[in-house]
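The lines below spell out each chain.
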Amino acid sequence: MTIHATLIPGDGIGPEVTDATVRLIAASGADITWDRQLAGMAAVAAHNDPMPDQTIASIKRTKLALKGPLETPSGKGFRSINVALRKEFDLYANVRPAKTVLPNLRFKDVDIILVRENTEGLYIGIENYIKIGTDERAAAQSIAVVTRYGAERIHRYAFDLAVRLGRKKVTLVHKANILKYSQGLFLDVGREIAKEYTGKVAVEERIVDACAMELVSKPERYDVIVTTNLFGDILSDLTSGLVGGLGLTPGANIGKDAAIFEAVHGTAPDIAGKGIANPTAVMLAACQMLDHAGQGALATRIQNAIETVLREQKAITGDVGGTASTAQFTDAVIAHL
Ligand code: NAD
């Protein structure tokens, strides 16, 4: 069955790395039709809106999008792109895999999938200043909101993912010892959901600070991690660092009505237009998208080809120690399909 997906090339290196990805996906024989749409500065230039309605409408239609990095224009009057997308499509699960592929890294066997709650917690946006006397900003508060509904669906997503991928263990990462209400509810709900998976996947709990320490001392012991928004934001950059940096790490944003896949890195303005960007992260994001669309075997085949080229180190880009161009790397991956 033909997969219909929205393609947002993005800004900076976005068009280079997404073009390379589209070429790879076509070479893999995937039956996919891309609906190209604009967002970011490219959309501001064309429509004076970084997230035009037709781009949103396309994702509503296809329910799938591959997104290059976007430059959010500064200044008032522009919608925040990520907030607009997260709100519009209720993209509650942020899924970031981090796996050792490159040789010569400090850790040899990292293979972690971090599942971050993407809509609640401290990032829900309930913030204000408190005036004391004449000082309008004498204090500030940011309120963390955890709902049973939000906690249930993110834990269930993490456990289902672990079972589907044959993973051995899910670690519930929290700070319930101090934040007894919000983190306490998150952990309690996690424990309840975990019971539904008894015998299918192991479960353990870690306080976030202990988890951070272990991630940089013995990351190999982690498998699937599920945690709240702020902790997930921080720990997922940490896990990216363990395996060679943001240029290699994809991220999926999953909602019940749509899913958006992207690289974790930004627009890399310093190398944009030079044809030397590493397209790995967007290529792996496309693999996540194919897997999500039910093409798991094809996704694995493409991912294996990418990993082979990275492991061989003959045609890798400058950011990971090579001299290949984006096109040369892409050619090498296609040759290994
Ligand atoms: P960045 O990730 O764009 O760049 C950081 C460094 O990593 C740069 O030296 C860059 O050359 C390098 N780099 C990044 N991706 C690379 C790749 N694929 N291949 C080779 N080198 C790569 O981060 P930044 O400079 O902080 O941000 C630049 C812009 O990107 C900002 O406007 C920011 O808002 C935006 N941004 C967008 C997203 C997104 O759309 N998801 C994410 C992060 C940043």
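Q: Can you walk me through the overall build of the protein chain in this structure?
A: Of regular secondary structure, the protein chain possesses 11 helices and 12 strands. The C-alpha radius of gyration of the protein chain comes to 20 Å, within 12% of the 20 Å expected for a compact globule of 337 residues. Each of the three principal axes of the protein chain carries a C-alpha extent, and together these read 60 × 50 × 40 Å. Within the protein chain, the fraction of its 337 residues that count as buried is 52%. Taking all contacts inside the protein chain whose residues are at least 6 apart in sequence as the whole, residues at least 24 apart take part in 72%. Entry remark: accessible area of the protein chain is about 15,200 Å², with carbon and sulfur atoms responsible for 53%. Of the charged side chains in the protein chain, 37 are positive and 38 negative; the average position of the first set lies 3 Å away from that of the second.

Q: Looking at this structure, how should I read the sheet that holds strand β10 (residues 224–227)?
A: The strands making up a sheet associate through backbone hydrogen bonding, with each pair oriented either parallel or antiparallel. Strand order in the open sheet formed by 10 strands is β2-β1-β3-β12-β11-β4-β5-β10-β8-β9, and the pairing between neighbours is mixed. What marks the edges here is a single partner per strand, and that holds for β2 (32–36) and β9 (202–207). In this sheet, adjacent strand axes meet at a mean angle of 25° when their direction is disregarded. Where strand β11 (residues 250–254) lies against strand β12 (residues 259–263), 5 bridges are found, and the strand directions are antiparallel. Note that in β12 the partner of Gly251 across the bridge is Glu262.

Q: What am I meant to see in the nonpolar core here?
A: Across soluble globular proteins, nonpolar side chains show a tendency to be buried alongside one another. Membership of the largest hydrophobic core comes to 72 residues, with the highest contact counts inside it found for Trp34, Leu66, Val115, Phe261 and Ile306. With 9 residues, helix α9 (residues 280–292) is the single largest residue contributor to this core. For this core, the two domains that each supply at least three residues are domain 1 (1–94 + 245–337) and domain 2 (106–242). Once you skip the residues sitting within four places of it in the chain, Phe261 turns out to touch Leu64, Ala65, Leu66, Lys67, Gly251, Ala252, Ile254, Ala285, Gln288, Met289 and His292. One finds Val110, Cys211, Tyr222 and Leu242 within the second-largest nonpolar core, a separate group that totals 15 residues.

Q: Just checking my understanding: could you explain the side chain of Thr62 for this structure?
A: With respect to the element layout, Thr62 can be found in helix α3 (residues 53–62). Reaching out from Thr62, the side chain makes a polar contact with the side chain of Thr6 at a distance of 2.8 Å. Not counting the four nearest positions on each side in its chain, Thr62 is found in contact with His4, Ala5 and Thr6.

Q: What is the right way to look at the site of the ligand in this model?
A: The immediate surroundings of the ligand are formed by 17 residues, with Leu70, Gly266, Ala268, Asp270 and Asn278 found nearest. In this structure, an oxygen atom belonging to the ligand sits 2.8 Å away from a main-chain N or O atom of Leu70. When the ligand is considered free in solution it has 820 Å² of accessible area, and contact with the protein chains removes 61% of it. Among the residues forming the shell around the ligand, the class breakdown is 8 nonpolar, 4 polar and 5 charged.

Q: What is the right way to read a nonpolar patch on the surface from this model?
A: A cluster of nonpolar side chains, namely Ile124, Ile126 and Ile143, defines an oily patch on the protein surface of about 220 Å² accessible area. With respect to the helices and strands, Ile124 occurs in strand β6 (residues 121–132).

Q: In this structure, what is going on with the domain arrangement of the protein chain? I would like to understand it.
A: Much of the literature gives interface size as the accessible area that the parts lose upon coming together. With domains assigned, the protein chain is organised as domain 1 (1–94 + 245–337) and domain 2 (106–242). Between the C-alpha centres of domain 1 and domain 2 the distance comes to 25 Å. Of the roughly 1,200 Å² buried between domain 1 and domain 2 on both sides combined, carbon and sulfur atoms contribute 44%. If you sort the residues of domain 1 by the area they bury against domain 2, Arg86, Tyr92 and Asn94 come out on top, with a joint share of 50%. At the junction of domain 1 with domain 2, the criterion picks out 2 salt bridges. Our count for the domain 1 to domain 2 interface comes out at 8 residue pairs in polar contact (both at pLDDT 80 or more). Among the elements of the structure, β4 (93–99) and β11 are those that each provide at least two residues to the side of domain 1 that touches domain 2. Considering only residue class, the side of domain 1 that touches domain 2 consists of 5 nonpolar, 4 polar and 3 charged.

Q: I tried to follow the packing of helix α5 (residues 148–164) against helix α6 (residues 182–195) on my own but got confused; where do I start?
A: Describing two packed helices takes the angle between their axes plus the distance from one axis to the other. Contact geometry of α5 with α6 gives a least axis separation of 9 Å together with a crossing angle of 45°. Taken as axis vectors, α5 and α6 run oblique relative to one another. Our pair here, α5 against α6, has a crossing hand that is right-handed. The residues of α6 that touch α5, namely those facing Arg148, Ala151, Glu152, Ile154, His155, Arg156 and Phe159, are Leu185, Phe186, Val189, Gly190, Glu192, Ile193 and Ala194. Looking at side-chain class alone, the contact of α5 with α6 contains 8 nonpolar, 2 polar and 4 charged residues.

Q: Explain unusual backbone geometry to me, please; I cannot follow it from the model alone.
A: For residues other than glycine, phi is negative in most cases, and the peptide bonds are mostly trans. At Asn104, a residue that is not glycine, the phi angle is positive and equals roughly 65°. In this structure, Asn104 sits in the loop between β4 and β5 (111–117).

Definitions and limits used
Residues numbered from 1 in each chain as written. Predicted model: local features only at pLDDT ≥ 70, side-chain atom pairs only at ≥ 80, totals over all residues. Heavy atoms only, no water. Helix = DSSP H or I, 4+ residues; strand = E, 2+ residues; numbered from the N terminus. Rg over C-alpha atoms; globule rule 2.2 N^0.38 Å. Buried < 20%, exposed > 50% of the residue type's maximum accessible area, 1.4 Å probe, protein only. Contact = heavy atoms within 4.5 Å. Areas by Shrake-Rupley, 256 points an atom, 1.4 Å probe, with all protein chains shown as cover. Lys, Arg positive; Asp, Glu negative; His and termini not counted. Charge placed at Lys NZ, Arg CZ, Asp CG, Glu CD. Pairing = 2+ DSSP bridges. Axes fitted to C-alpha atoms, helices over the stretch in contact; angles between N-to-C directions. Core = buried A, V, L, I, M, F, W, Y, C linked by side-chain atoms within 4.5 Å. Domains from an automatic or database assignment. Polar contact = N/O pair within 3.5 Å; in protein donor to acceptor, adjacent residues only side chain to side chain. Near = heavy atom within 4 Å. Nonpolar A, V, L, I, M, F, W, Y, C, P; charged D, E, K, R; others polar. Patch = residues over 30% accessible without salt bridge, like charges linked within 9 Å, V, L, I, M, F, W, Y side chains within 5 Å. Salt bridge = Lys/Arg side-chain N within 4 Å of Asp/Glu carboxyl O. Buried area = accessible area lost by both parts, 1.4 Å probe. Parallel < 35°, antiparallel > 145°, perpendicular 65-115°, else oblique. Left-handed = near helix turned anticlockwise from the far one by under 90°.

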